[in-house]
Amino acid sequence: MVSRIRGFLWRLVREWVPVIAAVLVIRAFVVESFLVPTGSMLNTIYIGDAMLVNKFVYGIKLPFSDRVVIPVSSPRRGDIIVFRFPADPDEPKDPANPHRYQRIFPRWLQLLPLFWDRQRSFFVWYTPQNYVKRCVAIALDTVEYRDKRLYVNGQLQTEPYVIHSDRMVFPGLESVAQFNPDLRRYVGNFQSEWENRRFFRNRELSPFVRDNFGPVVIPPGHCMAMGDNRDNSEDSRFWGPLDLRYVKGRPMVIYFSSSAASNPPNLLKILLSPWAIRVQRIGRLVR
């Protein structure tokens, strides 16, 4: 009886370990699934679209890190990209308790993003958020956004995929600074203020860079990412240039879509709402 159990367990390990290992390798280096939680890319990508992301196209990285092992290419203007949100910290933080989280694996051996929560006495799995946007400019491009129109190197861009859900056009900082002396320093140092994320989640300043922005020059090793749903997108206009080391890959195809998706995604709700599946979107290429 014991020998039969051992034989069964050995066969189970022999058959499934290679499969699991292959899946993990493919997910780490080649293809990964990504569920879209927001509408910043409407009408190109819907909330609840589940996409397969090509992780190899921009280079091979170490799992759970931003270190590129084998560079392949860089995002081009017009590419839709999935990237790690650059404003998120590398590891979990609690301002009230700076020593709350302890790394399990050392930084040089990031096998898994596991941390020990000293307050709860339990493990925490932490990874920064993933965003999906469109690359609209690359390193050394000069970008300007005037009255909801995008100019790259002085040329008005043709963007048939862009939508505007708000008819209001907010004035730029230059116009507002004429009546508010406190804002003049932002106008004179727009490039550095932008690179240092001064407009990110700043209720006073954010409206004045939504529809009128720049000009700025994209720093080397960076690109500029914007959502197709321009009036409802938290993108590079607010949180600055995107470091290329944060780019994870390029979406290829939508393999599933559900209108029952929410932010944050609730997988149970999606599974229990089969009538919400958007069959017509399954199989669409992401462009």
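Values in this document were obtained by computation on a predicted structure and should not be read as measured data.

What counts, and where the lines are drawn
Sequence order as written defines residue numbering, which begins from 1 separately in each chain. The model is predicted, so local features are restricted to residues of pLDDT at least 70 and side-chain atom pairs to those at 80 or more, both for listing and for counting; the totals for chains, interfaces and linings are taken over all residues. Side-chain metrics in this entry use all non-hydrogen atoms of the structure; hydrogen atoms and water are not considered. By convention in this document, the label disulfide applies to cysteine sulfur atom pairs within 2.5 Å. Each residue is placed in one exposure class: buried if its accessible area under a 1.4 Å probe, protein chains only, is under 20% of its type's maximum, exposed if it is over 50%, and partly exposed if it falls in between. Secondary structure elements follow DSSP: runs of H or I of four or more residues count as helices, runs of E of two or more count as strands, with numbering from the N terminus. Think of it this way: DSSP has to see at least two bridges between two strands before they count as a pair. Detection works on a 1 Å grid of protein atoms alone, calling trapped sets that fit a 1.4 Å probe cavities and calling open sets with protein on both sides within 12 Å along at least five of seven lines pockets, with lining residues defined by an atom within 4 Å of a point. Grid points are joined across faces, edges and corners, and a volume is the space filled by probe spheres set on the points. Only the contacting stretch of a helix is used when fitting its axis, a line to C-alpha atoms as for every element, and angles between N-to-C directions run 0 to 180 degrees. The residues that make up patches have over 30% relative accessible area and no salt bridge, and they are joined within 9 Å when like-charged or within 5 Å when they are Val, Leu, Ile, Met, Phe, Trp or Tyr. Only the protein chains shown count as cover for residues, with accessible areas throughout obtained via the Shrake-Rupley method and a probe of 1.4 Å. Salt bridge, as applied in this entry: a Lys or Arg side-chain nitrogen positioned within 4 Å of an Asp or Glu carboxyl oxygen.

Note on terminology: disulfide describes a covalent bond linking the sulfur atoms of two cysteines. In the structure shown here, the tally under the stated rule is zero disulfides. We note that Cys 223 lacks a disulfide partner, and the nearest cysteine sulfur, in Cys 135, lies 4.3 Å from it.

Turning our eyes to something else, we now look at the pairing of strand S2 (residues 49-54). Burial analysis of S2 places five of its six residues in the buried class, which makes it a mostly covered element. The pairing of strand S1 (residues 31-35) with S2 spans five bridges and is antiparallel. Considered in S2, the bridge of Val 31 is made with Asn 54. The pairing of S2 with strand S16 (residues 247-257) spans six bridges and is antiparallel. Paired with Asn 54 across the bridge in S16 is Arg 250.

Moving on, we get to the sheet that holds S2. Strand order in the open sheet formed by seven strands is S1-S2-S16-S5-S9-S14-S15, with antiparallel pairing between adjacent strands. Strand pairing shows two members of the sheet lacking a second neighbour, S1 and strand S15 (242-243), which therefore form its edges. Note that strand S14 (residues 222-226) and S15 share two bridges and pair antiparallel. When the sheet's bridge partners are listed, His 222 is paired in S15 with Asp 243.

Time to look at empty space enclosed by the protein. Scanning all chains against the criterion turns up one cavity of 30 Å³ or more. Taken as a whole, the largest cavity holds about 60 Å³ of empty space. What lines the largest cavity is Glu 32, Ser 33, Phe 34, Val 53, Lys 55, Val 82, Asn 130 and Lys 248. A per-element tally of the lining of the largest cavity places S1 first, with three residues.

All right, on to the sheet that holds strand S7 (residues 114-117) then. If you walk across this open sheet you meet the three strands as S6-S7-S8, and the pairing is antiparallel. Edge positions in the open sheet fall to strand S6 (101-103) and strand S8 (122-125), since each of these has one partner strand only. Each strand of the sheet is rotated relative to its neighbour by a mean of 40°, with strand direction disregarded. As paired elements, S7 and S8 share four bridges and run antiparallel to each other. Each bridged residue has a counterpart across the sheet, and for Trp 116 the counterpart in S8 is Phe 123.

Side chains of Phe 56, Leu 62, Val 69, Ile 70 and Val 72 sit close together on the surface and give an oily, nonpolar patch of about 410 Å² of accessible area. Mapped onto the secondary structure, Val 72 falls in the loop between strand S4 (68-70) and strand S5 (80-84). A residue is classified by how much of its surface remains accessible, and Val 72, at 42% relative accessible area, is partly exposed.

By themselves, these observations are geometric and do not establish any function.
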